[in-house]
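Coordinates in review
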Amino acid sequence: MMRESSVDKYNERTASSVIEKLWDVKLFECAKGYRCDWQIMRKGKHLAFGEYKCSRKPIKSKGDNYWLDFGKILWLESAVLSTGKPVFLFIEFDEGIFYYEINVASPRLETG
């Protein structure tokens, strides 16, 4: 597992502030052993997990796909299936922060 740099943590914390305001939630950093970044809560209730990625390139330059570590994908899917709570994959591009929801109804990310 790759360690996050201070720049990565800064980007993550900046994005979490934006998401908290837009979604009216609190994001709490998960412990290092977790394979995701945040626990998403509202009024003391656990709503979901969140994973943040930052791409300092325009969306069009990334093509049709965004690559994730396979171990990360397995952890995210396992979290959904074992807790019944969704996982939100947040990706920040030059154009803004976008998200993809992984939930119990469709726990699989496409892999290729």
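My aim in this report is to walk through the structure given alongside it, one point at a time.

**Re helix H2 (residues 70–83)**
If you check H2, its first and last C-alpha atoms are 20 Å apart, about what 14 residues at 1.5 Å a residue would give, namely 20 Å. Looking at H2, one finds that the buried residues are Lys-72, Ile-73, Leu-76, Glu-77, Ala-79 and Val-80. The buried side chains of H2 occupy one side of the element, clustering within an arc of 155° when seen end-on. Exposed and oriented more than 90 degrees from the buried face of H2 are Phe-70, Leu-81 and Ser-82.

**Observations regarding the environment of Ala-79**
With respect to the element layout, Ala-79 can be found in helix H2. A relative accessible area of 5% places Ala-79 in the buried class. Taking the C-alpha atoms as reference, Ala-79 lies 9.5 Å from Arg-35; in sequence the two are 44 residues apart. Leaving out residues up to four positions away in the same chain, Ala-79 has contacts with Phe-49, Gly-84, Lys-85 and Val-87.

What counts, and at which threshold
Residues numbered from 1 in each chain as written. Predicted model: local features only at pLDDT ≥ 70, side-chain atom pairs only at ≥ 80, totals over all residues. Heavy atoms only, no water. Helix = DSSP H or I, 4+ residues; strand = E, 2+ residues; numbered from the N terminus. Expected span 1.5 Å × (residues − 1). Buried < 20%, exposed > 50% of the residue type's maximum accessible area, 1.4 Å probe, protein only. Arc of directions from axis to C-beta. Contact = heavy atoms within 4.5 Å.

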